[in-house]
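Structural characterization, general
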Amino acid sequence: MARPTPAPLPRGLGIEIDRSVRFTDEGHVLIGGTPPCALRLPATGVGSVIRGISGARPTDIDERILSRTLVETGLAHPRPAPVSLDERTRIVLIGRGDAIDPAALVTTLDLIAEHHPGARPVVVGATGIAARTARERGARTVDGPTGGPGALAAALAACDGEFLALLEAGSEPSPGWLENALGHFVDPDVAAVVPRTLAARRPLGPTGMTVAALHALRADRGADPAPVLPWGHGHRGRGRPSPPEEHGAADPLEPVRVLVARRAAVRVSSDAGELAGTDLVWRAAEEGWSVRYEPRSRVRLPMPDGIGSYLRSRFVQAAEGGTAARRYGRWATGPEMSPHGLAALLSAIGGRPVSGLVIGAAGVALTARGLVEKTGAPPIEAVRPAVVDLTRAVGSGVRAARTTWWPVLAGMVVAGAAAGEGGRRRRGLVRGALLAGSVLTVPHLASWRRRRGTAPVGPLGWTAVAVAGDAACALGTWWGVARSGSLAPLIPRVRSPLFSTSLESPQVGAGVEGSGAKPAWGSHVSES
């Protein structure tokens, strides 16, 4: 299927190849991405990609169109040069909760002054000592709510710059956080950039450190750049990228607490509640704008350190899922999975692991075949991304099971523990209990092991708090379903079609859809 030539990537934007991508067939085929795809390049395209990997920024029109194609297929990501703060950008601080803590405000304002001398931030909703503290440090104060949609609306109204850098009071921006984010706005299609959020380093006890670490695990999108998209929202190229994070634990409903935005491209919904920041960037994506996640832009944030606040935040955020699904007109907002991945997982959960393996293997074979078609990718190289895609799908399904269907899994564990002696029924209940217990606990034990040496508590304490958080999330999800009347959070999103399709990528030069002239060069994309 031919597609029109995309707009070239703007001058000044480089690219970086996605970490999952592999080069095969002497560099002529790129294969990887999420969902996996393969792209065959001509000789001139190979040279352009090599120069891009070396740090060169595309200059001629052919290279820039190829770069845009790589970005739209999910095989590469924009890598802009840092841009210094100027009069077009305003830094705005808002609070979280009922009031702004003066000490937290001092921390953020001092770091802004250190990284950006001469900048005059705006503080929304500061009163009393906090307002006086802000003015003493050269900041301007604006009346308004401390947080939520009202604070965001007040921030947008108070700033006359082209770009808005939004921070929470108490955040600790790292050197270069703003420069790396502003570089993306060289592309006029970019509406917002979401920086990477990490946990602020604070002296806490073992329990507080555990809770903060678990919360940070969900808030951190990881070390890889990616587009930020609502559920099931296709990127301009082809994809529905999975949540952009390396560890797979980031929560798509986690509030966006730090943001750099093009002021004219974003707007605030008054009914967005806890998800005001998330709603802002999702609406921009729905309207055709691009929203990027930039891991080189780093901001440390104070994380909840009390078990009660942690469980409450997990419940409240999960409860917003049904409302958000209804707002965006989604009928399914569960984990995105391939059909064979979903079938394999259901077979395994249903007590037929061998059938699940057979279904998964068949799906891997079909995906690999689709990647080989048109592009001529080596079959052995096509198997790896197909297996990775299946593994990610199963991992997403398991994560959804323990955070949505927690009561069911817990009931299976209890039923297995209470089963009587002997009989086939008891053996079935015990097997189900072992499987359910594994789903509830093994991912958290693995998470603790990855942090061995840095985890503040032992594996049992870590897992107990994490499982309690999953229970709160499940209860919040079901409460949100009952409150909104939408079953979307309970329904997985099945990626279709099962069989791969082959797309002819945009052609450079004469490569316009319907053109009879021979293009200057061409490439083929095969996607699952």
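Use the structure listed above.
What counts, and where the lines are drawn
- Residues numbered from 1 in each chain as written.
- Predicted model: local features only at pLDDT ≥ 70, side-chain atom pairs only at ≥ 80, totals over all residues.
- Heavy atoms only, no water.
- Helix = DSSP H or I, 4+ residues; strand = E, 2+ residues; numbered from the N terminus.
- Buried < 20%, exposed > 50% of the residue type's maximum accessible area, 1.4 Å probe, protein only.
- Contact = heavy atoms within 4.5 Å.
- Areas by Shrake-Rupley, 256 points an atom, 1.4 Å probe, with all protein chains shown as cover.
- Axes fitted to C-alpha atoms, helices over the stretch in contact; angles between N-to-C directions.
- Parallel < 35°, antiparallel > 145°, perpendicular 65-115°, else oblique.
- Nonpolar A, V, L, I, M, F, W, Y, C, P; charged D, E, K, R; others polar.
- Salt bridge = Lys/Arg side-chain N within 4 Å of Asp/Glu carboxyl O.
- Phe/Tyr/Trp six-rings, centres within 6.5 Å; stacked < 30°, edge-to-face > 60°.
- Pairing = 2+ DSSP bridges.
- Right-handed = clockwise from strand over helix to strand, strands pointing away.
- Core = buried A, V, L, I, M, F, W, Y, C linked by side-chain atoms within 4.5 Å.

1. Re the overall build of the chain
Broken down by element type, the chain carries 15 helices and 18 strands. Among the 528 residues that make up the chain, the fraction classed as buried is 53%. A fraction of 75% describes how many contacts in the chain between residues 6 or more apart in sequence connect residues 24 or more apart. Here the chain displays about 22500 Å² of accessible surface, and carbon together with sulfur accounts for 58% of that area.

2. Some points on the packing of helix 12 (residues 379-404) against helix 13 (residues 406-418)
When two helices pack together, their arrangement is given by the angle between the helix axes and by the axis-to-axis distance. As a packed pair, helix 12 and helix 13 sit with axes 5 Å apart at the nearest point and diverge in direction by 85 degrees. Relative to helix 13, helix 12 is oriented roughly perpendicular. Of helix 13, the residues touching helix 12 (which contributes Ala-401, Arg-402 and Thr-404) are Trp-406, Pro-407 and Leu-409. For the contact of helix 12 with helix 13, the residue count by class is four nonpolar, one polar and one charged.

3. Some remarks on unusual backbone geometry
In this model, Asp-25 sits at a positive phi of 50 degrees, which is unusual for a non-glycine residue. As for its placement among the helices and strands, Asp-25 is situated in the loop between strand 2 (22-24) and strand 3 (29-32). The exposure class of Asp-25 is partly exposed, given its relative accessible area of 34%. Phi angles above zero are rare outside glycine, and Glu-26 is one such case at about 60 degrees. Locating Glu-26 in the fold gives a position in the loop between strand 2 and strand 3.

4. Considerations on helix 8 (residues 276-286)
With ten of eleven residues buried, helix 8 is to be regarded as a mostly interior element. Turning to helix 8, its buried residues number three or more, namely Ala-276, Gly-277, Thr-278, Asp-279, Leu-280, Val-281, Trp-282, Arg-283, Ala-284 and Ala-285. Close packing links the buried residues of helix 8 with helix 5 (148-158), strand 11 (190-199), strand 13 (259-262), strand 14 (290-301) and helix 9 (307-327). Among the residues trailing helix 8, Gly-288 stands out with phi positive, at a value near 100 degrees.

5. Some thoughts on the pattern of salt bridges
For the structure on display, the rule yields 23 salt bridges. Its salt-bridge partner being Arg-19, residue Asp-224 comes within 2.9 Å of it at the nearest N-O pair. Linking Asp-224 in the loop between helix 7 (206-219) and strand 12 (226-227) with Arg-19 in the loop between strand 1 (13-17) and strand 2, this pair joins segments that are 205 residues apart in sequence. Here Arg-262 and Glu-162 are joined by a salt bridge, their closest N and O atoms 3.7 Å apart. You can see Arg-262 sitting in strand 13 and its partner Glu-162 sitting in the loop between helix 5 and strand 9 (163-168), a full 100 residues away along the chain. On the basis of relative accessibility, which here comes to 10%, the residue Arg-262 falls in the buried class. Glu-162 sits in the partly exposed class, given a relative accessible area of 37%.

6. As for the packing of aromatic side chains
Considering all chains together, one arrives at two aromatic pairs under this definition. Each ring, one from Phe-163 and one from Phe-185, has its centre 4.7 Å from the other, and the planes form 35 degrees; the classification is tilted. Of the two residues, Phe-163 is situated in strand 9 and Phe-185 in the loop between helix 6 (177-182) and strand 11; the sequence distance between them amounts to 22 residues. Residues Trp-405 and Trp-478 carry aromatic rings whose centres are separated by 5.3 Å and whose planes lie at 80 degrees to one another, so their mutual orientation is edge-to-face. Note that Trp-405 is positioned in the loop between helix 12 and helix 13 and Trp-478 in helix 15 (residues 459-484), a separation of 73 residues in sequence. Of the residues examined, Trp-478 reaches a relative accessible area of 35% and is grouped as partly exposed.

7. Details of the environment of Trp-448
Among the secondary structure elements, Trp-448 is positioned in helix 14 (residues 424-450). Taking the C-alpha atoms as reference points, Trp-448 and Gly-461, 13 residues apart in sequence, are found 9.8 Å from one another.

8. A few points about the pairing of strand 6 (residues 89-94)
Within strand 6, five of the six residues are buried, which leaves it mostly tucked inside the rest of the structure. Pairing of strand 6 with strand 9 involves six bridges; the strand directions are parallel. Looking at strand 9, one finds that Arg-90 is bridged to Leu-164. Pairing of strand 6 with strand 7 (residues 122-124) involves two bridges; the strand directions are parallel. Paired with Leu-93 across the two strands is Val-123, which belongs to strand 7. The β-α-β motif built from strand 6, the intervening helix 3 (residues 102-115) and the parallel element strand 7 has right-handed crossover chirality.

9. Here's the deal with the nonpolar core
Judged by nonpolar contacts, the single largest core of 35 residues is most densely connected at Val-92, Leu-259 and Val-281. Of all the elements in the fold, those that place two or more residues in this core are strand 6, strand 7, helix 5, strand 9, strand 11, strand 13, helix 8 and strand 14. Considering each element in turn, this core owes the most residues, six residues, to helix 5. Those residues within four positions of Val-92 in sequence are excluded, and the remaining contacts are Val-122, Val-124, Ala-155, Cys-159, Leu-164, Ala-165, Leu-166 and Leu-167. Counting residues in hydrophobic clusters, the runner-up holds 31 residues, among them Ile-91, Leu-109, Ala-130 and Ala-131.

10. A word on helix 10 (residues 339-349)
Among the residues of helix 10, those classed as buried are His-340, Gly-341, Leu-342, Ala-344, Leu-345 and Ser-347. Buried residues belonging to helix 10 abut strand 15 (336-337), helix 11 (353-372), helix 12 and strand 16 (493-494). Gly-351 sits one or two positions beyond helix 10 and adopts a positive phi of about 90 degrees.

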